[in-house]
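Here's the letter readout for the chains.
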Amino acid sequence: AQSVTQLDSQVPVFEEAPVELRCNYSSSVSVYLFWYVQYPNQGLQLLLKYLSGSTLVKGINGFEAEFNKSQTSFHLRKPSVHISDTAEYFCAVTRGGGANNLFFGTGTRLTVIP
Amino acid sequence: EAGVAQSPRYKIIEKRQSVAFWCNPISGHATLYWYQQILGQGPKLLIQFQNNGVVDDSQLPKDRFSAERLKGVDSTLKIQPAKLEDSAVYLCASSLMETQYFGPGTRLLVL
């Protein structure tokens, strides 16, 4: 089975500062990796995904993530955050190939301080 | 394109009562998922359907939870009887291939 560890449960950052949210995964097979964002009282919105190819993937709202197979990581980054980025961020992994169950981390609460 | 629809958005019941949640996936998506998200945790899969067949229900507490997807489109998740620990957000997702798209969820509070 696959699993995900999000090392930081809360990350406070000042507006316009850069941010990195860390995600490490565990799997014995090839994987697909995802980052989702959850705003209060809403469902999960896809930010970006890695399926194959270039290890640097760009998503919506200026976010990007880098897949590092040797370190089994998929950290999320943004060079300059906005107040509107305040939300819960979830990293998720699934077995590669087709429609499979997603395994989620416990989430990182990003709080952007004015 | 319409997203995944869920209803109701909120539900409050007393323990031992029953409750049902409804999900309408994105048109054409063959795979439908129900996840349970307890406060402070990531979502966990309850059941996965491929068309109207069950692919994975290994984490579904079958003594109290049931789900169906008649005609391979809409789905209903039921809890009977509910326990206090069932208080959570129930998320429905659908996919065509590997990418899952989520609905707004149903927030359940069991008193």
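Just so you know, these numbers come straight off a predicted model, no measurement behind them.

**With respect to the overall build of chain B**
Across its full length, chain B carries zero helices and 11 strands. N-terminal to C-terminal, the α/β element order of chain B is β-β-β-β-β-β-β-β-β-β-β. Over its C-alpha atoms chain B spans a radius of gyration of 13 Å, differing by no more than 12% from the 13 Å that the globule rule assigns to 111 residues. Looking at chain B residue by residue over its 111 residues, the buried ones come to 46%. Summarising the internal contacts of chain B: among those between residues at least 6 apart in sequence, 52% fall at separations of at least 24.

**Some details on a nonpolar patch on the surface**
Residues and elements named next belong to chain B. The grouping of Ile12, Leu109 and Leu111 at the surface amounts to a nonpolar patch, some 300 Å² of accessible area in total. Relative to the helices and strands, leucine 111 resides in the segment after strand E11 (106–110). Accessibility expressed as a relative area gives 54% for leucine 111, which makes it exposed.

**Some thoughts on the pattern of salt bridges**
Any two side chains of opposite charge can pair, so long as their charged atoms come close to each other. Per the counting criterion, the structure on display carries eight salt bridges over all chains. Glutamate 98 of chain B is paired through a salt bridge with lysine 49 of chain A; the nearest N and O atoms lie 3.7 Å apart. With glutamate 98 of chain B in the loop between strand E9 (88–95) and strand E10 (100–102) and lysine 49 of chain A in strand E6 (residues 44–50), this residue pair bridges two chains. Judged by its relative accessible area of 14%, glutamate 98 of chain B falls in the buried class. Using a relative accessible area of 30% as the deciding quantity, one classes lysine 49 of chain A as partly exposed. Residue arginine 64 of chain B pairs with aspartate 86 of chain B through a salt bridge whose shortest N-O separation is 2.5 Å. Of the two residues, arginine 64 of chain B is situated in the loop between strand E6 (53–56) and strand E7 (65–68) and aspartate 86 of chain B in the loop between strand E8 (75–79) and E9; the sequence distance between them amounts to 22 residues. With respect to class, arginine 64 of chain B is no different from aspartate 86 of chain B; both count as buried.

**As for the state of the cysteines**
All names here are of chain A. Applying the stated criterion to the full structure yields two disulfides over all chains. Here cysteine 23 engages in a disulfide with cysteine 91; their sulfurs sit 2.0 Å apart. Taking the sign of the S-S torsion, -65° for the link of cysteine 23 and cysteine 91, the bridge is left-handed. With a gap of 68 residues between them, cysteine 23 in the loop between strand E3 (19–21) and strand E4 (24–26) and cysteine 91 in strand E10 (residues 87–95) connect regions that are remote in the sequence. Take cysteine 23 and cysteine 91: they sit in the same class, and that class is buried.

**A look at the nonpolar core**
In a soluble, globular protein the nonpolar side chains are often hidden away together inside. By size, the foremost hydrophobic cluster in this structure holds 28 residues, and its most contacted members are Leu33, Trp35, Leu47, Leu48, Phe74, Leu76 and Tyr89 of chain A. Only strand E2 (10–14), E3, strand E5 (31–38), E6, strand E8 (64–68), strand E9 (73–78), E10 and strand E12 (108–113) of chain A provide two or more residues apiece to this core. Setting aside residues up to four positions removed in sequence, leucine 76 of chain A forms contacts with Val19, Glu20, Leu21, Trp35, Leu47, Leu48, Phe63, Glu64, Ala65 and Tyr89 of chain A. Membership of the second largest hydrophobic core comes to 21 residues, among which are Val4, Trp34, Leu46 and Ala82 of chain B.

**Some remarks on the environment of cysteine 91 of chain A**
For cysteine 91 of chain A, a relative accessible area of 0% corresponds to the buried category. With near-sequence residues (within four places) excluded, cysteine 91 of chain A lies in contact with Val4, Gln6, Cys23, Phe34, Trp35, Phe103, Phe104 and Gly105 of chain A.

**Points about the interface of chain A and chain B**
Between chain A and chain B, the contact holds 20 residues from the first and 22 residues from the second. Here chain A packs against chain B, burying approximately 1600 Å² in sum over the two surfaces, 53% of which is carbon and sulfur. Taken together, the connections running from chain A to chain B amount to one salt bridge. Our count for the chain A to chain B interface comes out at seven residue pairs in polar contact (both at pLDDT 80 or more). The set of elements that each furnish at least two residues to the side of chain A that touches chain B consists of E5 and E6 of chain A.

Calculation rules
- Residues numbered from 1 in each chain as written.
- Chains lettered and ligands numbered in written order.
- Predicted model: local features only at pLDDT ≥ 70, side-chain atom pairs only at ≥ 80, totals over all residues.
- Heavy atoms only, no water.
- Helix = DSSP H or I, 4+ residues; strand = E, 2+ residues; numbered from the N terminus.
- Rg over C-alpha atoms; globule rule 2.2 N^0.38 Å.
- Buried < 20%, exposed > 50% of the residue type's maximum accessible area, 1.4 Å probe, protein only.
- Contact = heavy atoms within 4.5 Å.
- Patch = residues over 30% accessible without salt bridge, like charges linked within 9 Å, V, L, I, M, F, W, Y side chains within 5 Å.
- Areas by Shrake-Rupley, 256 points an atom, 1.4 Å probe, with all protein chains shown as cover.
- Salt bridge = Lys/Arg side-chain N within 4 Å of Asp/Glu carboxyl O.
- Disulfide = S-S within 2.5 Å.
- Core = buried A, V, L, I, M, F, W, Y, C linked by side-chain atoms within 4.5 Å.
- Buried area = accessible area lost by both parts, 1.4 Å probe.
- Polar contact = N/O pair within 3.5 Å; in protein donor to acceptor, adjacent residues only side chain to side chain.

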